[in-house]
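Each chain, letter by letter, is given below.
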Amino acid sequence: MLMTDGLHFVSNPADNNQVKLRFKVETYIMGIISRDRNMDNRIEERLLGSEEEGCSDLKWRIWVESKKIWRVAAPGIITKVSTFGLVVVTQCFIGHISELDLAAYALVQTLTERLELWYNSILVLIAGYMSNAEVAISAFSICLNVGAWQFMICLGFLGASCVRVANELGRGDAKAVKFSIIVVLATSVLLGLVFFILCLIFGRSIGYVFSSNEEVIETVADLSVFLALSMLFNSIQPVLTGVAVGAGLQRTVAVVNLCCYYVIGIPLGALLAYVADLEVKGIWIGMLSGIGMQILALAFMVWRTDWELQVSKASERLNRWFLKPEEPDENLNNHA
């Protein structure tokens, strides 16, 4: 038997041919296996690459959409927060003068500066008929103003959601409308969660900023959980309202607001305050119930909206308002 290059050759030529044939077959099979492995690796690299590309593309879309949202929302937020901040700072100073002055300021503010927020105004007036009216009005107005200050931020997102939905509808892209809704709602809810957590952590300290009366401070501390919930609700309701308004559903939004606030919120708050003897807590529970019903109604309305149909309606309106260029007068051309 002879050995050459790892092959065993025997003296019989037939056996040598079998060995060579087997070696060729094994080499061919190993080559196929190697090519298959390389192909699998390339396919895996392509798949992973496409996933990373899709992930980066989604991040980029979120980043671009967020910039558009903040570009619209930021000016309104800065203006409203700074303007309403004067009211809050004034209340901070008045609250340390006397409890009666704080309650009087709350009533004056209710009748003058809250004309656009009649819902809260009526609730403050209801609080004035409690057994300890001065404490009730003072604590309730403190919580309302803190919540309203945070609500000014959410009003900026209301405008942003309205503008972005209207823009994408006019552009004729239903998928972009849904994506804008998700991004602006997620942004607002994240901010709402931040304020929710801060209110739970510093709930017992809020009263010391506005008053020196221990009874008022204790009442504000008792309302801090409800205030935190209202901040969370306030981060959702304006965005859904802006989406519905941007889609041209203003009438439906108006009906929903009237029913939830004045048919559910105020009567329920009055019943819980006077009949169930929950006083200020009952009023706040009624207010939260009205806002909660509004959120459910608007969320259902947005969820059931056919955005493809809204895109077609928007295009019809654009075509209706589009002015065709004037055609030259043939008589003038003939005279010329």
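Note that this is a predicted model, so its numbers are computed, not measured. (Residues numbered from 1 in each chain as written. Predicted model: local features only at pLDDT ≥ 70, side-chain atom pairs only at ≥ 80, totals over all residues. Heavy atoms only, no water.)

### Here we look at the overall build of the chain
Here is step 1 of the chain: Within the chain, the secondary structure is distributed over 13 helices and two strands.
Here is step 2 of the chain: Residue burial in the chain is summarised as follows: out of 336 residues, 40% are buried.
Here is step 3 of the chain: Sequence-distant contacts in the chain: of pairs separated by 6 or more residues, those separated by 24 or more amount to 77%. (Helix = DSSP H or I, 4+ residues; strand = E, 2+ residues; numbered from the N terminus. Buried < 20%, exposed > 50% of the residue type's maximum accessible area, 1.4 Å probe, protein only. Contact = heavy atoms within 4.5 Å.)

### As for helix H7 (residues 214-222)
Residues that lie three or four places apart on an α-helix share one face, since the helix turns once every 3.6 residues.
Here is step 1 of the chain: Every buried residue of H7 is listed here: Val216, Ile217, Thr219, Val220 and Ala221.
Here is step 2 of the chain: Backbone nitrogen of Glu215 and a side-chain oxygen of the N-cap are separated by 2.8 Å at the start of H7; the cap is Asn213. (Polar contact = N/O pair within 3.5 Å; in protein donor to acceptor, adjacent residues only side chain to side chain.)

### A closer look at the environment of Asn234
Here is step 1 of the chain: Assignment of secondary structure puts Asn234 in helix H8 (residues 224-234).
Here is step 2 of the chain: Measuring from C-alpha to C-alpha, the distance between Asn234 and Ser188 comes to 9.1 Å, with 46 residues separating the pair along the chain.
Here is step 3 of the chain: The residues contacting Asn234, other than those within four sequence positions of it, are Gly147, Gln150, Phe151, Cys154 and Ile291.

### Things to note about the pattern of salt bridges
Here is step 1 of the chain: Applying the stated criterion across every chain yields a total of five salt bridges.
Here is step 2 of the chain: A salt bridge links Glu168 to Arg164; the shortest N-O distance between them is 2.5 Å. Placement of both Glu168 and Arg164 in helix H4 (residues 133-171) is noted, with a separation of four residues, approximately one turn of the helix.
Here is step 3 of the chain: For Arg164, a relative accessible area of 6% corresponds to the buried category.
Here is step 4 of the chain: The partner of Glu218 in a salt bridge is Arg204, and the shortest N-O contact between them spans 3.2 Å. Placement of the pair is Glu218 in helix H7 and Arg204 in the loop between helix H5 (174-201) and helix H6 (206-210), with a sequence separation of 14 residues.
Here is step 5 of the chain: According to the relative accessible area criterion, Glu218 is partly exposed, its value standing at 37%.
Here is step 6 of the chain: Here the salt bridges share partners, and the residues they tie into one network are Glu65, Arg164, Glu168, Arg171 and Asp173. (Salt bridge = Lys/Arg side-chain N within 4 Å of Asp/Glu carboxyl O.)

### Re the packing of H5 against H8
Here is step 1 of the chain: Interhelical geometry of H5 versus H8 gives an angle of 175 degrees and a closest axis separation of 8 Å. It follows that H5 is roughly antiparallel to H8 by the angle criterion. Of H8, the residues touching H5 (which contributes Gly192, Leu193, Phe195, Phe196, Cys199 and Leu200) are Ser224, Val225, Leu227, Ala228, Leu229, Met231 and Leu232.
Here is step 2 of the chain: Partitioned by chemical class, the residues of the contact of H5 with H8 number 11 nonpolar, two polar and no charged. (Axes fitted to C-alpha atoms, helices over the stretch in contact; angles between N-to-C directions. Parallel < 35°, antiparallel > 145°, perpendicular 65-115°, else oblique. Nonpolar A, V, L, I, M, F, W, Y, C, P; charged D, E, K, R; others polar.)

### Looking at the nonpolar core
Here is step 1 of the chain: Of all hydrophobic cores here, the largest spans 74 residues; its most connected members are Trp284 and Trp307.
Here is step 2 of the chain: The element that contributes the greatest number of residues to this core is H4, accounting for 18 residues. (Core = buried A, V, L, I, M, F, W, Y, C linked by side-chain atoms within 4.5 Å.)

### Concerning the side chain of Gln294
Here is step 1 of the chain: Of note, Gln294 is situated in helix H11 (residues 280-304).
Here is step 2 of the chain: Looking at Gln294, its side chain comes within polar contact range of the side chain of Asn257, at 2.3 Å.
Here is step 3 of the chain: Within the local environment of Gln294, its side chain forms a polar contact with the side chain of Tyr261, the two groups lying 2.8 Å apart.
Here is step 4 of the chain: For Gln294, the contacting residues outside a window of four places in its chain are Gln237, Thr241, Val256, Asn257, Cys260 and Tyr261.

### Remarks on the packing of aromatic side chains
Here is step 1 of the chain: Tallied over the entire structure, the rule returns three aromatic pairs.
Here is step 2 of the chain: Summarising the aromatic geometry, the rings of Phe140 and Trp284 are spaced 5.2 Å apart at their centres and angled 75 degrees between planes, so their arrangement reads as edge-to-face. One end of the pair, Phe140, is in helix H4; the other, Trp284, is in helix H11, and 144 residues separate them in sequence.
Here is step 3 of the chain: Since its relative accessible area comes to 0%, Phe140 is described here as buried.
Here is step 4 of the chain: With a centroid separation of 6.1 Å and an interplanar angle of 50 degrees, the aromatic rings of Phe300 and Trp303 are classed as tilted. Here Phe300 pairs with Trp303, and both are found in helix H11, just three residues apart, close to one helical turn.
Here is step 5 of the chain: Relative accessible area serves as the criterion here: at 46%, Phe300 is assigned to the partly exposed category. (Phe/Tyr/Trp six-rings, centres within 6.5 Å; stacked < 30°, edge-to-face > 60°.)

### Details of helix H10 (residues 250-275)
Here is step 1 of the chain: The end-to-end C-alpha distance of H10, which contains 26 residues, comes to 36 Å, matching closely the 38 Å that a straight helix rising 1.5 Å per residue would cover.
Here is step 2 of the chain: The set of residues buried in H10 consists of Val253, Val256, Asn257, Cys260, Tyr261, Gly265, Ile266, Gly269, Leu272 and Ala273.
Here is step 3 of the chain: Two residues or fewer past H10, Asp277 is found with a positive phi of approximately 60 degrees. (Expected span 1.5 Å × (residues − 1).)

### A closer look at the UniProt feature "transmembrane region" (unreviewed entry) in the chain
Here is step 1 of the chain: As annotated in UniProt, the feature "transmembrane region" (unreviewed entry) corresponds to residues 179-203, 223-247, 254-276 and 282-303 in the numbering used here.
Here is step 2 of the chain: Secondary structure content for residues 223-247 is 84% helix and 0% strand, while the C-alpha to C-alpha distance between its ends is 36 Å.
Here is step 3 of the chain: A distance of 30 Å separates the end C-alpha atoms of residues 254-276, which is 96% helix and 0% strand. (UniProt positions renumbered as here; feature names shortened; annotations may be inferred.)

### Some words on the environment of Leu278
Here is step 1 of the chain: Tracing the backbone shows Leu278 in the loop between H10 and H11.
Here is step 2 of the chain: In contact with Leu278, other than residues within four places in its own chain, are Leu272, Ala273 and Ile285.

### Considerations on the side chain of Gln310
Here is step 1 of the chain: Residue placement: Gln310 occurs in helix H12 (residues 307-321).
Here is step 2 of the chain: Among all residues touching Gln310, those that are not within four sequence positions of it are Leu169, Ala247 and Thr305.

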